[in-house]
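What follows is the residue order along each chain.
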Amino acid sequence: MALLSLATLNCLTLSKDARIIELENALDKIKYDIVGLSEVRRKSAGEMDLSWSNGRLYHSARLPNHTAGVGFIVSGSIYAPASIDMLEYSTFIHEVEQAFHQPSRS
């Protein structure tokens, strides 16, 4: 099994689409498979395709006071289409959980 490249980022806000483009530009400079995001601050929960990186952004909604919200980006190299079956999805999630629990190899 190949190792996943994981990253985390406090993005301060992704409330406007222009900030998502800025994030994609920044992520273009690093190698990643999955990026965990904090302080996303999107108005509602959702998901979207990222045009520049061919990845997919999944995010929660912000709190009523316009703070918080989390999300993650799955890179285009491992992003699975919406037609994925539940067994494949469960296997993918299991692999992500295992990767989070492995010690860093830096």
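Position numbers for residues start from 1 in each chain and track the written sequence from start to end. Residues qualify for local features only when their pLDDT is at least 70, as the model is predicted, and side-chain atom pairs are given and counted only at 80 or more; totals for whole chains, interfaces and linings, by contrast, use all residues. Values shown for side chains rest on all heavy atoms present in the structure; no hydrogens or waters enter the calculation.

Novice: Honestly, the sheet that holds strand E1 (residues 6-10) in this entry has me stumped. Any pointers?
Specialist: Working definition: the strands of a sheet are paired by backbone hydrogen bonds and lie parallel or antiparallel to each other. Pairing between two strands is assigned when DSSP locates at least 2 bridges connecting them. Going along the chain from the N terminus, every DSSP run of H or I of four or more residues is numbered as a helix, and every run of E of two or more is numbered as a strand. As summarised here, the arrangement of the five strands in space is E1-E2-E5-E4-E3, forming an open sheet in which the pairing is mixed. Bordering the open sheet on either side are E1 and strand E3 (46-49), each of which pairs with just one other strand. Looking at each pair of strands side by side, their axes are set apart by 15° on average, direction ignored. With five bridges connecting them, E1 and strand E2 (residues 34-38) associate as parallel partners. Bridge pairing links Thr8 to Gly36 in E2. Only the contacting stretch of a helix is used when fitting its axis, a line to C-alpha atoms as for every element, and angles between N-to-C directions run 0 to 180 degrees.

Novice: How should I be thinking about the packing of aromatic side chains in this particular structure?
Specialist: A ring pair, where both rings are aromatic, is described by two values, the distance of the centres and the angle of the planes. Two rings belonging to Phe, Tyr or Trp (six-membered ring only in the last case) form a pair when the distance between their centres is within 6.5 Å. Interplanar angles under 30 degrees mark stacking, angles over 60 mark edge-to-face geometry, and anything in between is tilted. Within the structure shown, the criterion is met by one aromatic pair. On the numbers, 5.0 Å between centres and 20° between planes, the contact of Tyr58 with Phe72 is stacked. Of the two residues, Tyr58 sits in strand E4 (residues 56-59) while Phe72 sits in strand E5 (residues 70-74), which places them 14 residues apart along the sequence.

Novice: For this particular structure, what's the right way to read the nonpolar core?
Specialist: Inside soluble globular proteins, nonpolar side chains tend to come together where they are buried. Joining through side-chain atoms within 4.5 Å is the link that ties buried Ala, Val, Leu, Ile, Met, Phe, Trp, Tyr and Cys residues into a set, and such a set is a nonpolar core. Relative accessibility decides the category of a residue: with a 1.4 Å probe and only protein chains considered, values under 20% of the type maximum give buried, values over 50% give exposed, and everything between is partly exposed. With twelve residues, the main nonpolar core is built from Cys11, Leu14, Ile20, Leu23, Leu27, Tyr32, Val35, Leu37, Val40, Leu50, Leu57 and Ile73. Among the elements of the structure, helix H1 (17-27) and E2 are those that each provide at least two residues to this core. Whether two residues are in contact is decided by their heavy atoms: any pair within 4.5 Å suffices. In contact with Cys11, other than residues within four places in its own chain, are Arg19, Leu37, Ser38, Glu39 and Val40.

Novice: Could you clarify how one ought to interpret H1 in this entry?
Specialist: Note on helix geometry: an α-helix contains 3.6 residues per turn, so any two residues three or four positions apart are oriented the same way. Listing the buried residues of H1 in full gives Ile20, Leu23, Glu24 and Leu27. For H1, the buried positions fall inside an angular range of 100° around the axis, keeping them on one side. If you follow the buried residues of H1, they end up packed against E1, E2, E3, E4 and E5. Think of the arc as the fan of directions from the helix axis to the C-beta atoms.

Novice: Explanation requested: the environment of Ala7 in the structure shown.
Specialist: Relative to the helices and strands, Ala7 is located in strand E1. Separated by 28 residues in sequence, Ala7 and Val35 place their C-alpha atoms 4.6 Å apart.

Novice: Explanation requested: the environment of Arg62 in the structure shown.
Specialist: Residue position: Arg62 is located in the loop between E4 and E5. Classification of Arg62 as partly exposed rests on a relative accessible area of 23%. Every residue in contact with Arg62, bar those within four places of it in the chain, is listed here: Arg41, Arg42, Lys43, Thr67 and Ala68.

Novice: What is the right way to read the pairing of E4 from this model?
Specialist: As a general feature of sheets, a regular strand has side chains that alternate between the two faces. With four bridges connecting them, E3 and E4 associate as antiparallel partners. By the bridge assignment for E4, Met48 is matched with Leu57. Adjacent in sequence and paired antiparallel, E3 and E4 are bridged by six residues, among which Asn54 carries a positive phi angle near 60°. Where E4 and E5 come together, four bridges link them in antiparallel fashion.

Fair warning: the whole summary comes from geometry, so function is off the table for now.
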